[in-house]
Structures are given as structure tokens and as C-alpha cells.
Amino acid sequence: MKTFSLCLLAATATAGAHPVSFEGAWQLMLGGTDTVQNFEVYNSYTPKTAFGLHAMRFEDERDDDYYTGLQHNWLLHRWNLPEAQANLYFGLGAGAAKQDGESAAPAGLGFFRADYETRRIYTAFETKFISSEDVSRAVTSASFGVAPYKAEFEELNTWLIVQFEHVSGMEDDLDIIPKIRLFKGPYFLELGCSLDGDPLINFMIHF
Amino acid sequence: MNHSIILSLLGAWLFLSGSARAATERTMTVKTTVDGMVCSFCAQGIVAHFKKHPAVSNVHVDLTRKVVLLEEKKGSSISDKEITEFIKKSGFEPKKVERVSESFEKVKADKKS
């Protein structure tokens, strides 16, 4: 259990991760806080569709919930503008979920994501829900970020982002998480800490 | 008289075939304007796709100028159709493909155009 948690320690909503990448790409995403952890691996078999595995763990004082399932993601629409890009994504998953100590039951996952970014401004909204006989969780987040400088393709990109996140069933109603996002080449890393002092780490790689 | 005509034709053929060979063996630089290219992490696919093409020896993504530069290998060529397809497979919108006579490094270093 501890190993599983550590492997997943690295997410919540993986806010910032595009659920569909370039054609032929594999992308691995790990992330989390101390209460929600996330693991995703997808293959983008077209520029608008990806298929893979998604696992999540939710832990609070009352429950310890797990979900694992296969997932299909769609890029519903992309606006490629001269100075910006905007995207709408949708995903469906099917698998199993369980509470600690209980047996697993069939479960479903759904998510919707919208984002808009220029080289200096970043905004994203994402909502995700998981439902089974015993488990019902929803994670909704909104993120706003600025880049302190315009990084070129080969340079280290830096973003300063504030993420507002709500996880249903958790003790706190809304988490506010300031974070720093760094990426260079195929590597992506986010480090943050909620105003309550809970750390966040997200990692992603394309290959 | 006949000899001079034959020699003239032979000279012209040698000149034209030499020019044609020089043109195909010269490295060409291809400059493609692309919309939506605002994030280097998301643009990784462009480099990944073009690096696999046997006619391409070098790739450069310039986010400021919104261009992708390709250097073609001597004697090889990548078609405009392939370039357009690769950009689309990478998730972006190609706008214009042009071939320029300047070297890849010179166009890469030129920050104005």
C-alpha cells in the first residue's frame, strides 16, 4: 500500500497535462497531494485521440478510495491561433473502484477540460468524476498562471500558477495551491504547496 | 560545320546537367509558419516527427517567429504535403511553406523574419 502511494505520489488533477498529445506519443503522468494521488499513461494514436490507463487514490480521515481503469481521451476541438492555443477535451474511463477493506466494484470515470494559453498567460478548467457502488468522488480545478519570461523552444520554461481545487468528500471545501511549473524538452515538473501546507508534485514525460 | 554543332550541343548538355546536379545536391532550408505554437512542451512532436524523416538533417522550432525550420539533406527533399501532414500530426496548423536559399544556420540566427 505504501509503495503504491509513493508511486502515485506526484497528483491531483494533473492540471496542466494535455490528455491527448502528438500522434504516436506516449505520455506518463504522475502526481498528487497527500490526499489525492494520480497515475496516467496514454498513447496518442491520432492527434485527437489517446488511450491508456488511469489510477487514482483518495485519502481522508473517513475513507481511503481507489480507482483503476482504462480510459479514452478525445480532443474535441483545438483553436490554433497566431498568438495562442485553446483546447476542449473529454474523456471516459471504465474500471474498478474500492474503499479500503471493501471489495472492488465496477466503476466509471468522466472528465472535461478546457484550457487557453499564450506564451505569457495560462488558464485551465478541469472537472473529473469517479463513480461506483461504494465510491463517488469528483475533482474540479481552475488554474491561472503567468510566465515571467517568454522561453524559447530549447530553454527552461517557467510558469507561476495558482490552482483552485475542490475534491468532493474531502474535509476542506476548497484548496488554493500556488505552484511553480517547469518544463524543458520532454520533461515537465510542478511543485506547489496549498495554503494549508499540503505539498503537491506533478511529473510528466513524453516519449 | 557538323562538328561545331555537335560540340555546341555536347557543351550545352554538360552545362545543364551540371547545374541540375548542383541544385539537387545543395542543402535547402524550408521555413514553415505555424499557428498555435505557444508551448515548447506541446511542440515536442514537431521535432519528433521531422527527425524521423530521411530527407531532413536538422529541425528548429522558433516560438517567437512562429516558424519551423528544416534543413534538407543534400540530394534529398521533403514535400510540402509531407511537411503539412507532419505539422498537423503534431497538433498544429501550418500556414505557409517556403523554401529559402539561405543556409539553415543563417535563417535560424535571423531573429527578424
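Just so you know, these numbers come straight off a predicted model, no measurement behind them.

Draft legend 1. View of the UniProt feature "domain: HMA" (unreviewed entry) in chain B. As recorded in UniProt, the sites labelled "domain: HMA" (unreviewed entry) are residues 28–95 of chain B. End C-alpha atoms of residues 28–95 of chain B are separated by 19 Å, and the span's content is 26% helix alongside 34% strand.

Draft legend 2. Representation of the pattern of salt bridges within the structure. Residue and element names in this part refer to chain A. The final tally for this structure, using the stated rule, is 15 salt bridges over all chains. The partner of Arg57 in a salt bridge is Asp64, with the nearest N and O atoms 3.2 Å apart. An identical accessibility class is assigned to Arg57 and Asp64; each is buried. For the salt bridge of Asp65 with Arg137, the shortest nitrogen-to-oxygen distance reads 2.8 Å. With Asp65 in strand S4 (residues 64–80) and Arg137 in strand S8 (residues 136–146), the pair connects residues that are 72 residues apart, well separated along the chain. You'll find Asp65 and Arg137 in the same group, each marked buried. Beyond isolated ion pairs, a larger network of salt bridges with shared partners links Arg57, Glu59 and Asp64.

Draft legend 3. Main features of the interface of chain A and chain B. Taken together, the contact between chain A and chain B spans 26 residues of the former and 25 residues of the latter. Between chain A and chain B lies a buried interface of about 2,200 Å² when both sides are counted; carbon and sulfur atoms form 58% of it. Where chain A packs against chain B, one counts 13 residue pairs in polar contact (both at pLDDT 80 or more). Of all elements in the fold, only S4, strand S11 (187–193) and strand S12 (199–206) of chain A reach the threshold of two or more residues within the side of chain A that touches chain B. Partitioning the side of chain A that touches chain B into residue classes produces 12 nonpolar, seven polar and seven charged.

Draft legend 4. Looking closely at helix H2 (residues 44–51) of chain B. Taking burial as the measure, the eight residues of H2 of chain B include six buried ones, the bulk of the element. Here H2 of chain B has its buried residues at Gln44, Gly45, Ile46, Val47, His49 and Phe50 of chain B. Its buried side turned inward, H2 of chain B meets S12 of chain A together with strand S2 (56–62), strand S3 (67–72) and helix H3 (80–89) of chain B.

Draft legend 5. Representation of the nonpolar core. Ranked by internal contacts, the top residues of the largest apolar core, which has 50 residues, are Met37, Ile46, Phe50, Val61, Val68, Leu70 and Phe92 of chain B. Counting residues in each nonpolar core, the second largest holds five residues, with Val67, Leu69, Phe104 and Val107 of chain B among its members.

Draft legend 6. Spatial organisation of H3 of chain B. Residue and element names in this part refer to chain B. Among the residues making up H3, those that are buried are Ile83, Phe86 and Ile87. Down the axis, H3 shows its buried residues gathered within 100 degrees of arc, on one side only. Tucked inside the fold, the buried residues of H3 contact strand S1 (29–35), H2, S3 and strand S4 (93–100). Among the residues trailing H3, Gly91 stands out with phi positive, at a value near 95 degrees.

Draft legend 7. Molecular detail of the side chain of Thr32 of chain B. Locating Thr32 of chain B in the fold gives a position in strand S1. Every residue in contact with Thr32 of chain B, bar those within four places of it in the chain, is listed here: Lys66, Val67, Val68, Ile83, Pro94, Lys96 and Val97 of chain B.

Draft legend 8. Main features of the environment of Met37 of chain B. Residue and element names in this part refer to chain B. Mapped onto the elements, Met37 comes out in the loop between S1 and H2. Along the sequence, Met37 and Val67 sit 30 residues apart, while their C-alpha atoms lie 8.6 Å from each other. Sequence-distant contacts of Met37, defined by excluding residues within four places in its chain, comprise Ala43, Ile46, Val61, Asp62, Leu63, Lys66, Val67, Val68 and Phe92.

Draft legend 9. Layout of the sheet that holds S2 of chain B. Residues and elements named next belong to chain B. The four strands lie next to each other as S2-S3-S1-S4, forming an open sheet whose pairing is antiparallel. Single-partner strands in this sheet number two, and they are S2 and S4. Taken over all neighbouring pairs, the strand axes of this sheet differ in orientation by 20 degrees on average, direction set aside. Inspection of the sheet shows S1 paired to S4 by seven bridges, in the antiparallel sense. Bridging across to S4, Thr33 finds its partner in Lys96. Relative to S4, H3 is tilted by about 145 degrees, and along the sheet it contacts S1, S3 and S4.

What counts as what
- Along each chain, the written sequence defines residue order, and numbers are assigned to residues from 1.
- Lettering of chains starts at A and numbering of ligands starts at 1, both following the order in which they are written.
- For this predicted model, a pLDDT threshold of at least 70 governs which residues receive local features, and a threshold of 80 or more governs which side-chain atom pairs are given and counted, while totals over whole chains, interfaces and linings are taken from all residues.
- Side-chain metrics rest on all non-hydrogen atoms present in the structure, leaving aside hydrogens and water.
- UniProt positions are given in the numbering used here, feature names are shortened, and annotations may be inferred rather than shown by experiment.
- Per the convention used, a helix needs a DSSP run of H or I reaching at least four residues, while a strand needs a run of E reaching at least two, with both numbered from the N terminus.
- Salt bridges are defined as contacts in which a side-chain nitrogen from Lys or Arg sits within 4 Å of a carboxyl oxygen from Asp or Glu.
- Three labels apply to residues, based on accessible area from a 1.4 Å probe with only protein chains included: buried if under 20% of the type maximum, exposed if over 50%, partly exposed otherwise in between.
- The contact criterion used is simple: two residues touch if any of their non-hydrogen atoms lie within 4.5 Å.
- In this description, buried area is defined as the sum, over both parts, of the accessible area (probe of 1.4 Å) that is lost when the two are combined.
- Throughout this description, a polar contact denotes any pair of N or O atoms lying within 3.5 Å of each other; where both atoms belong to protein, one of them has to be capable of donating a hydrogen while the other can accept it, and for residues adjacent in sequence the pair is counted only when both atoms sit in side chains.
- Throughout, the ten residues Ala, Val, Leu, Ile, Met, Phe, Trp, Tyr, Cys and Pro are labelled nonpolar, Asp, Glu, Lys and Arg are labelled charged, and all others, Gly among them, are labelled polar.
- Throughout this description, the term nonpolar core refers to a set of buried Ala, Val, Leu, Ile, Met, Phe, Trp, Tyr and Cys residues connected via side-chain atoms within 4.5 Å.
- The arc refers to the directions leading from the helix axis to the C-beta atoms.
- Strands are treated as partners if at least two bridges between them are detected by DSSP.
- To obtain each axis, a line is fitted to C-alpha atoms, and for helices this fit is confined to the stretch in contact; angles are then taken between N-to-C directions over 0 to 180 degrees.

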